[in-house]
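# Secondary and tertiary structure notes
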Amino acid sequence: MMMCKAATRLMSKQLDAPLTARERISLRFHLMLCSACRNCEKQFGMLHRVGNAYNGTIDKPQDGSAEASSGVNADNVASDQDLLKVKEAMAEAETRRQN
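Side chains that differ in charge, positive against negative, can pair when their charged atoms come close. Per the counting criterion, the structure on display carries two salt bridges. The residue glutamate 23 makes a salt bridge to lysine 13 at a minimum N-O spacing of 2.8 Å. A residue pair is termed long-range when its members are at least 10 positions apart, and glutamate 23 in helix H2 (residues 21–33) and lysine 13 in helix H1 (residues 4–16) qualify at ten residues. Across the pair glutamate 41 and arginine 28 runs a salt bridge whose closest N-O atoms are separated by 3.0 Å. In this pair, glutamate 41 sits in helix H3 (residues 35–55) while arginine 28 sits in helix H2, placing the two residues 13 residues apart along the sequence.

So, in structure tokens, the structure goes:
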């Protein structure tokens with residue numbers, strides 16, 4: 001079975017490039033068994049969306065659907081709640097760093 005460290009690498013990699021079939025299957029199997037990595041995958045997705053919104057870029061859907069022409073859909077735009085969570089986490093990290 002894949003270790004969590006390898007799973008997080010694949011989660012990060014899949015945001016930038018498609019995974020091979022073997023990588024996808026291994027990751028999906030690991031995620032079925034590991035709740036910590038499922039949470040991590042959700043957080044990676046949120047950070048990716050927030051980063052794209054912050055940079056003023058929006059990813060096009062990978063399926064080539066009609067939404068690709070506008071580049072906007074509900075899955076790739078950070079919500080106000082997501083941005084607030086990131087700001088709170090950044091403030092908390094800064095407070096910890098200063099102490």
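The rest of the description comes next.
Running from N to C, H1 and H2 cross one another at 120°; their axes reach a closest spacing of 10 Å. When the interaxial angle is binned, H1 and H2 end up oblique. Every pair of crossing elements has a handedness; the one defined by H1 and H2 is left-handed. Taking contact as the criterion, the partners of Cys4, Ala7, Leu10, Met11, Lys13 and Gln14 in H1 are, on H2, Glu23, Leu27, Arg28, His30 and Leu31. Taken together, the residues of the contact of H1 with H2 sort by class into six nonpolar, two polar and three charged.

Overall, the prediction assigns the protein chain a mean pLDDT of 77, with 74% of residues at 70 or greater. The low-confidence segment residues 64–73 (pLDDT under 50) makes eleven contacts with residues lying over four places distant or belonging to another chain.

Time to look at H1. Here H1 is 13 residues long and its end C-alpha atoms lie 19 Å apart, about the 18 Å a rise of 1.5 Å per residue gives. Inspection of H1 places Ala7, Leu10 and Met11 among the buried residues, and these make up the whole buried set. Down the axis of H1, the buried set is contained in an arc of 105°. They therefore lie on one face. Exposed and oriented more than 90 degrees from the buried face of H1 are Lys5, Arg9 and Asp16.

Here is what the cut-offs are and how they apply
- Residues numbered from 1 in each chain as written.
- Predicted model: local features only at pLDDT ≥ 70, side-chain atom pairs only at ≥ 80, totals over all residues.
- Heavy atoms only, no water.
- Salt bridge = Lys/Arg side-chain N within 4 Å of Asp/Glu carboxyl O.
- Helix = DSSP H or I, 4+ residues; strand = E, 2+ residues; numbered from the N terminus.
- Axes fitted to C-alpha atoms, helices over the stretch in contact; angles between N-to-C directions.
- Parallel < 35°, antiparallel > 145°, perpendicular 65-115°, else oblique.
- Left-handed = near helix turned anticlockwise from the far one by under 90°.
- Contact = heavy atoms within 4.5 Å.
- Nonpolar A, V, L, I, M, F, W, Y, C, P; charged D, E, K, R; others polar.
- pLDDT = per-residue confidence, 0-100.
- Expected span 1.5 Å × (residues − 1).
- Buried < 20%, exposed > 50% of the residue type's maximum accessible area, 1.4 Å probe, protein only.
- Arc of directions from axis to C-beta.

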